[in-house]
Amino acid sequence: QVQLVESGGGLVQPGGSLTLSCVASGNIFSVNVMGWYRQAPGKQRELVAAITSGGGTNYADSVKGRFTIFRDNAKNTVSLQMNSLKPEDTAVYYCNAAITAKYSYRYLEVWGQGTLVTVSS
């Protein structure tokens, strides 16, 4: 069994910063792409940022220059540093990972439970 656990959400004022973290645990052989998605009320879930095991990154246009994704392969963690936050960044943020399971070598796409980020004065 594999799970992702997120932390770091909360309330922040516009222009502020927040860092989200996510750790993968369980029967893991390897963690491939890791990413962050978000879902605002009444909207579809969208990709915010993703990072490969080799460090290649991809960002949504709306967060480029403000958000930075980084990971620690040894600890199976991924983090999202969010700067210059705007009210439109308010959403539930979900960690996502493509994982190869230990023993079975099955490919799994795993989601975290989500963490709420609210940007408001």
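The preceding data block contains the structure.
This one's a predicted model, so the numbers in the text were calculated from it and none came from an experiment.

Enquirer: With reference to specific residues and values, describe the packing of aromatic side chains.
Expert: As enumerated under the stated definition, the model contains two aromatic pairs in all. An angle of 75° between the planes, with centres 5.0 Å apart, marks the rings of phenylalanine 29 and tyrosine 105 as edge-to-face. With phenylalanine 29 in strand β4 (residues 28-39) and tyrosine 105 in the loop between β9 (91-101) and β10 (107-111), the pair connects residues that are 76 residues apart, well separated along the chain. Residues phenylalanine 29 and tyrosine 105 agree in their burial class; the two are exposed. Positioned above the aromatic ring of tyrosine 94, the side-chain terminus of arginine 45 is 3.7 Å from the ring centre. When the ring centre of tryptophan 111 is taken as reference, the NZ or CZ atom of arginine 45 above it lies at 4.7 Å.

Enquirer: So what's going on with the environment of leucine 20? Which residues, and what values?
Expert: Counting through the fold element by element, leucine 20 comes out in strand β3 (residues 18-26). Here leucine 20 falls in the buried class, since its relative accessible area comes to 0%. Those residues in contact with leucine 20 that lie beyond four places of it in its chain are Ser7, Gly8, Gly9, Trp36, Val78, Ser79, Leu80, Met82, Tyr93, Thr115 and Val117.

Enquirer: So what's going on with the state of the cysteines? Residues and values would help.
Expert: The tally for this structure, following the rule as stated, stands at one disulfide. One disulfide in the model links cysteine 22 with cysteine 95; its S-S distance is 2.1 Å. Across the disulfide from cysteine 22 to cysteine 95, rotation about the S-S bond amounts to roughly -85°, and the bridge is consequently left-handed. With a gap of 73 residues between them, cysteine 22 in strand β3 and cysteine 95 in strand β9 connect regions that are remote in the sequence. Of the two residues, cysteine 22 and cysteine 95, neither departs from the other in class, the shared state being buried.

Enquirer: Run through the pattern of salt bridges, naming residues and quoting values.
Expert: For the structure shown, the criterion picks out four salt bridges. In this structure, arginine 38 and aspartate 89 form a salt bridge, with 3.0 Å as the shortest nitrogen-oxygen distance. Residue arginine 38 is found in strand β4, and its partner aspartate 89 is found in the loop between β8 (77-82) and β9; the two are separated by 51 residues along the sequence. Summarising the burial analysis for this pair, arginine 38 and aspartate 89 share the class buried. The salt bridge involving arginine 66 is made with aspartate 89; its shortest N-O contact spans 2.8 Å. One end of the pair, arginine 66, is in the loop between β6 (57-59) and β7 (67-72); the other, aspartate 89, is in the loop between β8 and β9, with 23 residues separating them in the sequence. Take arginine 66: its relative accessible area is 10%, and that puts it in the buried class. When salt bridges that share partners are traced, they join Arg38, Glu46, Arg66 and Asp89 into one network.

The rules we used
Residues numbered from 1 in each chain as written. Predicted model: local features only at pLDDT ≥ 70, side-chain atom pairs only at ≥ 80, totals over all residues. Heavy atoms only, no water. Phe/Tyr/Trp six-rings, centres within 6.5 Å; stacked < 30°, edge-to-face > 60°. Helix = DSSP H or I, 4+ residues; strand = E, 2+ residues; numbered from the N terminus. Buried < 20%, exposed > 50% of the residue type's maximum accessible area, 1.4 Å probe, protein only. Lys NZ or Arg CZ within 6 Å of the ring centre and 35° of its normal. Contact = heavy atoms within 4.5 Å. Disulfide = S-S within 2.5 Å. Salt bridge = Lys/Arg side-chain N within 4 Å of Asp/Glu carboxyl O.

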